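Close look at the chain arrangement
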Amino acid sequence: MAYDVAVKSSMVAVLLMTVLVVPPLLVAVLKRTSLFWLPGAALIASSLAVVIVWPFETGHDEASVMNGIANFVHLVIGGGLFVFGAICWIVAARLHARATRTRS
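Figured I'd write up the structure that's included with this text. Within every chain, residues take consecutive numbers counted from 1 along the sequence as written. Local features are withheld for residues below a pLDDT of 70 in this predicted model, meaning they are given only at 70 or higher, and side-chain atom pairs are given and counted only at 80 or more; totals for whole chains, interfaces and linings count all residues. To get the side-chain values, take all heavy atoms of the structure and skip hydrogens and water.

Side note on the overall build of the protein
Quick reminder of the rule: Here a helix means four or more residues in a row that DSSP labels H or I, a strand means two or more in a row labelled E, and each is numbered from the N terminus. For each residue, the accessible area found with a 1.4 Å probe, counting protein chains only, is set against the maximum for its type, and the residue is called buried under 20%, exposed over 50%, and partly exposed in between. Contact criterion: two residues are considered in contact whenever any of their non-hydrogen atoms come within 4.5 Å of each other.
For the protein, the count of helices and strands is three helices and zero strands. Of the regular secondary structure in the protein, the N- to C-terminal order runs α-α-α. For the protein, the residues scored as buried account for 18% of the 104 residues in total. In the protein, of all internal contacts separated by at least 6 residues, the share reaching a separation of at least 24 is 72%.

This is how it looks when you write it as structure tokens:
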């Protein structure tokens with residue numbers, strides 16, 4: 001039982017690190033290339049996938065309350081990914097403009 005919890009929590013930690021650390025690193029690496037927009041677009045696409053793919057279920061029993069909470073959590077996660085993707089996209093566009101302006 002403890003092993004399952006440790007594995008699940010480490011998987012969540014890896015997922016969070018991937019979502020929160022890799023896109024800003026990619027923004028820093030890709031700022032001088034024509035692919036500067038890719039990390040922000042990937043985050044926005046993943047946010048749309050979280051919201052669109054999740055099956056929103058409704059009903060009137062006890063399980064429906066848990067489904068409603070899960071629906072809300074998925075919408076919050078999708079919204080957070082969308083905002084983070086938009087911020088990454090804006091920062092990448094400004095860094096790209098600054099990098100190309102100083103180069104020419």
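Some points on the layout of surface pockets
Over the atoms, a rolling probe the size of a water molecule traces out where space has been left empty. For the record, the criterion: Space inside and on the surface of the protein is sampled on a 1 Å grid over the protein atoms alone, with a cavity defined as a set of points where a 1.4 Å probe fits but cannot get out and a pocket as an open set with protein on both sides within 12 Å along at least 5 of 7 lines; lining residues have an atom within 4 Å of a point. Grid points are joined across faces, edges and corners, and a volume is the space filled by probe spheres set on the points. Side-chain classes are defined by residue name, with Ala, Val, Leu, Ile, Met, Phe, Trp, Tyr, Cys and Pro counting as nonpolar, Asp, Glu, Lys and Arg as charged, and the others, Gly among them, as polar.
Considered as a void within the structure, the largest pocket measures approximately 230 Å³ in volume. Lining the largest pocket, in full, are Val 12, Leu 15, Leu 16, Val 19, Leu 20, Val 76, Ile 77, Gly 80, Leu 81 and Phe 84. Every element with two or more residues in the lining of the largest pocket is listed here: α1 (2-30) and α3 (62-103). Across the lining of the largest pocket, the residue classes break down as nine nonpolar, one polar and no charged.

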